[in-house]
Every structure is written in structure tokens, then in C-alpha cells.
Amino acid sequence: MKDVYYLYIYLGVIILMSLISFFLYSWDKRKAISGKWRTKEKTLLLSSFLFGAIGGIAGMYLKRHKTDKWYFKVVNFGSLLLQILGGALILYFFVIKQA
């Protein structure tokens, strides 16, 4: 039963990084509108890739930011698939298989 904590930790990391990603996309959109210094695209993409794909996708479509760039869609949706796969593997190996 203790192995279910791995899943909780994974979900916690996903939630935290998604919030950070969403904040970065929102902050960059605000800076783009006001014409000020911008967040590097590498930073936005890395935050999405490092467990923040849900926040990156939400930031893209809710803030209408970077939606015209194909590589943002590829990285965000590709990362989302990898993160879902990671969660499924944790669920299988640490929760279902142990039961």
C-alpha cells in the first residue's frame, strides 16, 4: 500500500510544474502585450517538457500564446503523452502489480 505514494508524488510534481508552466506562459504573454523583456522560448518549452505539459497547453490556449508555432504544439502534446505514459507505468508497476 505504501507504493501508492509514488503515484501521489508523481501527480504532485505534475500539478506543481503545470502551475509553474502556466504562470510562465501567462507572464510571457503579458510581457509580449506590453512590449517588455520576454521569457526565452527554450524556457517555456523546457517547463512544459519537465512535467508541465498540462500547464503549457492551458497557457497556450487560454492565453492564446504561441499557438501559431508548430514546435510548441509538438513539445507540449508530445510531453503530455510521455507524462501520461509515465503515470501509467507508475500505476502499473507500483500499484496494480503490487496488489
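Everything below is about the structure printed above this text.
Please read all numbers here as calculations on a predicted model, not as lab measurements.

Novice: So what exactly am I meant to see when it comes to the packing of aromatic side chains here?
Specialist: The geometry of an aromatic ring pair comes down to the distance between the two centres and the angle between the two planes. Applying the stated criterion across every chain yields a total of nine aromatic pairs. An aromatic cluster of three or more residues is present, and its members are Tyr25, Trp70, Tyr71 and Phe72.

Novice: I keep staring at the packing of helix 2 (residues 41–62) against helix 3 (residues 70–96) and nothing clicks. Help me out?
Specialist: Two quantities define a packed helix pair, namely the angle between the axes and the distance from one axis to the other. Running from N to C, helix 2 and helix 3 cross one another at 85°; their axes reach a closest spacing of 8 Å. In terms of orientation, helix 2 and helix 3 fall into the roughly perpendicular class. For the contact of helix 2 with helix 3, a count of residues per class yields 15 nonpolar, six polar and two charged.

Novice: I would appreciate a short explanation of the environment of leucine 16 in the present structure.
Specialist: Tracing the sequence through the fold places leucine 16 in helix 1 (residues 4–34). Given a relative accessible area of 52%, leucine 16 falls into the exposed group. Each C-alpha atom of the pair leucine 16 and glycine 55 lies 9.2 Å from the other, and the pair is 39 residues apart in sequence.

Novice: For this particular structure, what's the right way to read unusual backbone geometry?
Specialist: Excluding glycine, a negative phi dihedral is what most residues carry, and trans is how most peptide bonds are arranged. Backbone geometry at arginine 64 places phi at a positive 55°, although glycine is not the residue there. When you line up the elements, arginine 64 lands in the loop between helix 2 and helix 3. Judged by relative accessible area, which is 68%, arginine 64 ranks as exposed. The backbone phi angle of lysine 66 is positive, close to 65°, even though this residue is not glycine. Since its relative accessible area comes to 11%, lysine 66 is described here as buried.

Novice: It is not clear to me how the environment of tyrosine 5 should be interpreted in this structure. Could you clarify?
Specialist: Within the secondary structure, tyrosine 5 sits in helix 1. Spatially, the C-alpha atoms of tyrosine 5 and valine 95 are 9.1 Å apart, while their sequence positions differ by 90 residues.

Conventions adopted
Residues numbered from 1 in each chain as written. Predicted model: local features only at pLDDT ≥ 70, side-chain atom pairs only at ≥ 80, totals over all residues. Heavy atoms only, no water. Phe/Tyr/Trp six-rings, centres within 6.5 Å; stacked < 30°, edge-to-face > 60°. Axes fitted to C-alpha atoms, helices over the stretch in contact; angles between N-to-C directions. Helix = DSSP H or I, 4+ residues; strand = E, 2+ residues; numbered from the N terminus. Parallel < 35°, antiparallel > 145°, perpendicular 65-115°, else oblique. Nonpolar A, V, L, I, M, F, W, Y, C, P; charged D, E, K, R; others polar. Buried < 20%, exposed > 50% of the residue type's maximum accessible area, 1.4 Å probe, protein only.

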